[in-house]
Amino acid sequence: VLSNEEGFAGAWSAATVLSGLRDGSYSVEYSKFVDANGKALRDKVAANTMRRAPLVPTHFNAVVGQRVEGYFNDCWWPGQ
């Protein structure tokens, strides 16, 4: 799920889709984010803020200027 929250804007977080909603959005449960009681956070998100989890390559040779993402603080962050 793509975040627009302050401090996480542009980062992608892992979540499980719980259900599709009538308005075209989805109910999700985050994999790494919990509330004060340790319960996984749930959210209603738009379809255009979701994607499949990226594959992690076994070998990777970056090229200068190539768009990449790095996994840091439980999110995928864009970089170049």
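In this text, all values refer to a predicted model and were calculated from it rather than measured experimentally.

**Q** What should I look at first to understand the pattern of salt bridges in this one?
**A** Opposite charge on two side chains allows them to pair when their charged atoms are near. Inspection of the entire model under this criterion finds three salt bridges. The partner of R42 in a salt bridge is E29, and the shortest N-O contact between them spans 2.9 Å. One end of the pair, R42, is in strand β4 (residues 40-45); the other, E29, is in strand β3 (residues 26-34), with 13 residues separating them in the sequence. Since its relative accessible area comes to 24%, E29 is described here as partly exposed. Taking the shortest distance from any N to any O, the salt bridge between R51 and E69 comes out at 2.6 Å.

**Q** Can you walk me through the pairing of strand β6 (residues 75-79) in this structure?
**A** Two faces belong to every sheet, and in a regular strand the side chains alternate between them. Taken together, the two bridges between strand β1 (residues 12-13) and β6 define a ladder with antiparallel strand orientation. Across the sheet, the residue bridging to W12 is W76, located in β6. Across five bridges, strand β5 (residues 68-72) lies against β6 in antiparallel orientation. What sits directly across from F72, in β6, is C75. Taking the residues that link successive antiparallel strands as the turn, the β5-β6 hairpin has two residues, and the phi of N73 there is positive, at about 55°.

**Q** Would you mind showing me how to read the environment of P54 here?
**A** Summarising the element assignment, P54 is placed in the loop between β4 and β5. Given the relative accessible area of 30%, P54 is considered partly exposed. Along the sequence, P54 and S19 sit 35 residues apart, while their C-alpha atoms lie 21 Å from each other. Each residue touching P54, except ones within four places of it in the same chain, is listed here: E69 and W76.

**Q** What am I meant to see in the sheet that holds β6 here?
**A** Pairing between the strands of a sheet is mediated by backbone hydrogen bonds and can be parallel or antiparallel. Pairing is antiparallel across the open sheet formed by three strands, whose spatial order is β1-β6-β5. Each end of this open sheet is capped by a strand with a single partner; those strands are β1 and β5.

**Q** It is not clear to me how the sheet that holds β3 should be interpreted in this structure. Could you clarify?
**A** Ordered by their spatial adjacency, three strands build an open sheet running β2-β3-β4, and the pairing between neighbours is antiparallel. Whereas interior strands pair on both sides, the edge strands pair on one side only; in this sheet they are β2 (15-20) and β4. For this sheet, the mean inter-axis angle between neighbouring strands, taken without regard to orientation, is 25°. With five bridges joining them, β2 and β3 adopt antiparallel strand pairing. Directly across from T16, in β3, lies its bridge partner E29.

The rules behind these values
Residues numbered from 1 in each chain as written. Predicted model: local features only at pLDDT ≥ 70, side-chain atom pairs only at ≥ 80, totals over all residues. Heavy atoms only, no water. Salt bridge = Lys/Arg side-chain N within 4 Å of Asp/Glu carboxyl O. Helix = DSSP H or I, 4+ residues; strand = E, 2+ residues; numbered from the N terminus. Buried < 20%, exposed > 50% of the residue type's maximum accessible area, 1.4 Å probe, protein only. Pairing = 2+ DSSP bridges. Contact = heavy atoms within 4.5 Å. Axes fitted to C-alpha atoms, helices over the stretch in contact; angles between N-to-C directions.

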